[in-house]
Amino acid sequence: MSAFSRRLQAGSAYFAGRQLSTYSEASLFVPAGKHRAVFGANFLTDRFQETDATTRPAIIAT
């Protein structure tokens with residue numbers, strides 16, 4: 001699992017949000033005489049939530 005916050009500002013454009021991602025996997029090894037079989041599956045999640053507009057920094061024009 002990983003979680004992080006991100007803020008980007010370029011000129012007058014501003015973007016911020018929080019992201020949570022997970023990864024899980026499982027595998028099964030099945031011997032069958034001289035042969036072997038491996039079965040597997042994985043599960044991924046990704047949730048991104050943009051932060052509230054009130055968290056924007058003040059932009060000062062020069």
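All figures in this text were calculated on a predicted structure; none of them were measured in a lab.

### Considering the side chain of S21
And then number 1: With respect to the helices, strands and loops of the structure, S21 is situated in strand β2 (residues 13–32).
And then number 2: Side-chain polar atoms of S21 contact the side chain of Q19, separated by 3.5 Å.
And then number 3: Contact partners of S21, with chain neighbours within four places excluded, come to M1, S2, T45 and D46.

### Quick word on the sheet that holds β2
And then number 1: Taking strand neighbours across the sheet as the criterion, the three strands line up as β1-β2-β3 in an open arrangement whose pairing is antiparallel. The outermost strands of the open sheet, each flanked by one partner alone, are β1 (2–10) and β3 (35–50). Along the sheet, successive strands turn relative to each other by an average axial angle of 25°, direction set aside.
And then number 2: By the bridge criterion, 16 bridges tie β2 to β3 in an arrangement that is antiparallel. Directly across from Y23, in β3, lies its bridge partner L44.

How each quantity is defined
Residues numbered from 1 in each chain as written. Predicted model: local features only at pLDDT ≥ 70, side-chain atom pairs only at ≥ 80, totals over all residues. Heavy atoms only, no water. Helix = DSSP H or I, 4+ residues; strand = E, 2+ residues; numbered from the N terminus. Polar contact = N/O pair within 3.5 Å; in protein donor to acceptor, adjacent residues only side chain to side chain. Contact = heavy atoms within 4.5 Å. Pairing = 2+ DSSP bridges. Axes fitted to C-alpha atoms, helices over the stretch in contact; angles between N-to-C directions.

The analysis is restricted to geometry; functional conclusions fall outside its scope.
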